[in-house]
Structure formats: C-alpha cells, structure tokens
Amino acid sequence: MDKESLLRLVDSLHRDKEIAKDVVFQGIEAALTTAARKHFKSQEMVSIQIDRNTGEILAREGDRKIDPSELGRITAQTAKQVIIQKIREAERDVIYEDFVSRKGAIVSGTVQRFEGPTIIVNLGKTEGILHKLEQIDDEHYNTNERVRAIVFDVKKIGTRVRILLSRTHPDFVRRLFELEVPEIAENTIEIKALAREPGHRTKIAVASSDQNVDCVGACVGVRGSRIKNIVDELNGEKIDIIRWSDEPEVLLPNALKPAEVSGIILSAENQVATIVVPNDQLSLAIGKRGQNVRLASRLTSWDIDIITESEFEERQKEGAAGLTEVAESNKRPSDNSKTTNGGAVAEHIKAGGEKEGV
C-alpha cells in the first residue's frame, strides 16, 4: 500500500467509524510489527512507525532499516487481518463509550428482527436487545416499526457491544416526563418518587421549587396534552400524578388517590400506616388485585393497612391497641398522631386537593 492510499484509509476509517486517527495508526503499526516479527523470526527488536503527516512507513530490525517491500504477500495478509481486528476493537470501544454515557437515557430505533420473543432494535451504528421481560405486556411490534426505550445496560462481549433496552423500567416513565415537561428538565419541578407496574399503572409524586408553578398542572399540561403523549407512548398505561409532601399525614392520602381517606394512624417506629376509609371507598383504595395500595406503599415507603370506618369503630369498641392515636389534616402541634373517639372518624384527616391524575 502506498503512502497516499494509507492516509486515505486512515481518513476514511476516522470519518466512517468515528475512530480517532491516532488509534487507527497505532492499530496499523501494531499489525505490521506483529507480521514483521513472524516474517523475520529475528531475536532483534522490530519496530514500525508511520509518519502521521506523510504516511511513510519507518521500519527497523534492531539497527537495520527494513524496506516494507521485504515483508512479502503472506506478511501483508497477516497484517491485514490484525488491522481489521484492531479496527473492530476500536469501533467497539467507540460504540461502548457512546452508549455507556447514555445509560438510563431514552433511545429510538426500528425493529430489525425477532429472535423468539426478543426484539432486535436497529439503533443506527449498532443493535439493541429488548428482551421479553423488558417489554410492556400486550405490546406488539412489526418489522421496521419505530420503538423507544431506555438504555438499561451496556456490556462488552468479544468484539461486540451488547446494549440491553427496557420499556418496563420505572426510569422509562421518568425520562418521558423529563422530555414532555420542560419544568422538570429545568429543575423547577422535581420527581420525588415513582412506583410502577408496567402496562397497568404508575404513581408519580412531584414537587415544585417555585410557588408560582403548579407541579401537577404542569405535568398534566393544557387540556391534558403532556400526560396524553406519555400515556400514548405507554399504550394506555394509567398514570396518577400526586403532589409530594414531606408530611406523611398529607402524602399518604394523596398517594391513595382516587380513594378518599377519613383518618390515619401512624406508627413511625416501624413505618406502618393504618388508613381509615369510608365503607364505600374500600375497594377503590385497595384497587384491582391490590394495585392501588401496593403502588402507594412503594411510592411513600410506608407499609399501609387499610380499614373501613366500621372496622375502626369496631376495633375501638374492642379496645384494640395501637388505634388510639389519629393524625388530623390540620396537624395540630404534637408528636405525630392525635387521639380520637370512634364515630368521629369522618372528621379526621381528609385528603386535600382535587383528584390529581389521569
């Protein structure tokens, strides 16, 4: 290969593969050095350097200058194989560094093929893998269809990069909100907590650092435009947006929306909350197959036990221990609970605000 051809090769690899020119030069030098050592079978040190500006190959065996033409066809073929390997390794490293920096971010690609239930996604320079467990239930894709997911994990395997994608990870919903709600990207609104059962329901708690910005309203958008885009991306997954509070007496009723709460008994030592709800709100508070209360518990990090007003009154009559203190919504100064009499449950903590969510 003449000097001009060598320089064109390096420049082409640099542009097409986005590999640094010096990395390509080093790979070629290493390949030629390996080939030369095998060819001469010499005990002398063999070194090969390429002038970065002119492309001239400078080769030495000890003190003797080597003419590159001495290497022969077989040596050239060996060098070519090593060069290809080095280039693949460099290309792998470029892709790896690119996607490692994007770990946890949303990427977009097209469905390239199916390997059983696993979807192989074309991400441009490489492929992403969307395993069955990382797909939302009841979602179906066709070849060449667009798909969005977060980069869940990135691994080097031989000369290839394995990029694992996910649509079920809670951070997928988090990133969608960051894309759709500018106030979140600007840190005016913060996502304080998020709990998700993919394909079914998500609860997300938000707070605003600016009293002039309504955190819930901003996330919903004008006429629900912002939340609609997110729900559409998740194929109809329900999303409850609640207002965050550092006070569990306020946060817990919000988290159990759309159910109404009559009262709360808190046990701060073991992080357990007994929630009292009207008799006709029990099934709503628990949710289908316990989904509502389960997500509320994960969102707030409190273990939640739900009872009806009738059950509460019955327990009081029986003198059940641990149900003598109930926190009120106006939170009069005290420890973390209030004492109440059975029959006045409806006047205890009432979940404030309007229904927040979609």
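Throughout what follows, the structure given in this document is the object of discussion. No experiment lies behind these values; they were computed from the predicted model shown. (Residues numbered from 1 in each chain as written. Predicted model: local features only at pLDDT ≥ 70, side-chain atom pairs only at ≥ 80, totals over all residues. Heavy atoms only, no water.)

**As for unusual backbone geometry**
Leaving glycine aside, a negative phi is the common case for residues, and trans is the common case for peptide bonds.
Part 1: Residue Pro258 is bonded to the preceding Lys257 through a cis peptide linkage, with omega at 15 degrees.
Part 2: Looking at the element boundaries, Pro258 is found in the loop between helix H8 (248-255) and strand E12 (263-267).
Part 3: In the Ramachandran plot, Asn187 falls in the positive-phi region, its phi being about 70 degrees despite a non-glycine side chain.
Part 4: Looking at the secondary structure, you find Asn187 in the loop between helix H5 (182-185) and strand E9 (189-197).
Part 5: Classification of Asn187 as exposed rests on a relative accessible area of 61%.
Part 6: Phi at Arg289 takes a positive value of approximately 55 degrees, unusual for a residue other than glycine.
Part 7: Inspection of the secondary structure assignment puts Arg289 in the loop between helix H9 (282-286) and helix H10 (291-300). (Helix = DSSP H or I, 4+ residues; strand = E, 2+ residues; numbered from the N terminus. Buried < 20%, exposed > 50% of the residue type's maximum accessible area, 1.4 Å probe, protein only.)

**Side note on H10**
Part 1: Of all 10 residues making up H10, 8 are buried, and the element is well covered by its neighbours.
Part 2: On its buried side, H10 packs onto E9, strand E10 (201-208), strand E11 (238-243), H8, H9 and strand E14 (303-308). (Contact = heavy atoms within 4.5 Å.)

**Focus: the side chain of Thr308**
Part 1: With respect to the element layout, Thr308 can be found in strand E14.
Part 2: For Thr308, a relative accessible area of 8% translates into the label buried.
Part 3: Those residues in contact with Thr308, other than ones at most four positions away along the chain, are Val276, Val277, Asn279 and Leu282.

**Description of the pairing of strand E7 (residues 146-157)**
Part 1: Pairing geometry for strand E4 (residues 106-115) and E7, over 5 bridges, is antiparallel. If you follow Ile106 over to E7, its bridge partner there is Ile150.
Part 2: For E7 and strand E8 (residues 160-166), the ladder comprises 7 bridges, and the chain directions are antiparallel. The residue bridging Ile157 from the neighbouring strand is Arg160, located in E8.
Part 3: A loop of 2 residues connects E7 with E8, the two strands running antiparallel in sequence, and Gly158 in this loop sits at a positive phi of about 60 degrees. (Pairing = 2+ DSSP bridges.)

**Description of the sheet that holds strand E1 (residues 46-50)**
Part 1: In space, the 3 strands of this open sheet follow the order E1-E2-E3, with antiparallel pairing throughout. Each edge of the sheet is formed by a strand with only one pairing partner; in this case those strands are E1 and strand E3 (64-66). Direction aside, neighbouring strands of the sheet carry axes that sit 25 degrees apart on average.
Part 2: Alignment of strand E2 (residues 57-61) against E3, held across 3 bridges, turns out to be antiparallel. The residue bridging Arg60 from the neighbouring strand is Lys65, located in E3. (Axes fitted to C-alpha atoms, helices over the stretch in contact; angles between N-to-C directions.)

**Here's the deal with the nonpolar core**
Part 1: Core analysis: the largest hydrophobic core is formed by 25 residues, its most contacted members being Phe177, Ile204, Val206, Leu234, Ile239 and Ile241.
Part 2: It is helix H6 (residues 215-220) that contributes the most residues to this core, 5 residues altogether.
Part 3: Counting 23 residues, the second-largest nonpolar core is a separate cluster that includes Ile264, Val293, Leu295 and Ile306. (Core = buried A, V, L, I, M, F, W, Y, C linked by side-chain atoms within 4.5 Å.)

**Looking at the sheet that holds strand E13 (residues 272-277)**
Part 1: Taken in spatial order, the 3 strands make up an open sheet running E12-E13-E14, and their pairing is mixed. Across the chains shown, the open sheet's two edge strands, defined by having one partner strand only, are E12 and E14. Neighbour to neighbour, the strand axes of the sheet diverge by 20 degrees on average, direction disregarded.
Part 2: Bridge count for E13 against E14 is 6 bridges, and the pairing is parallel. Residue pairing for E14: Val272 is matched across the bridge by Asp303.
Part 3: Its contacts with the sheet put helix H11 (residues 309-317) on E12, E13 and E14, and the angle it makes with E14 is roughly 90 degrees.

That is the geometry; function is a separate question.
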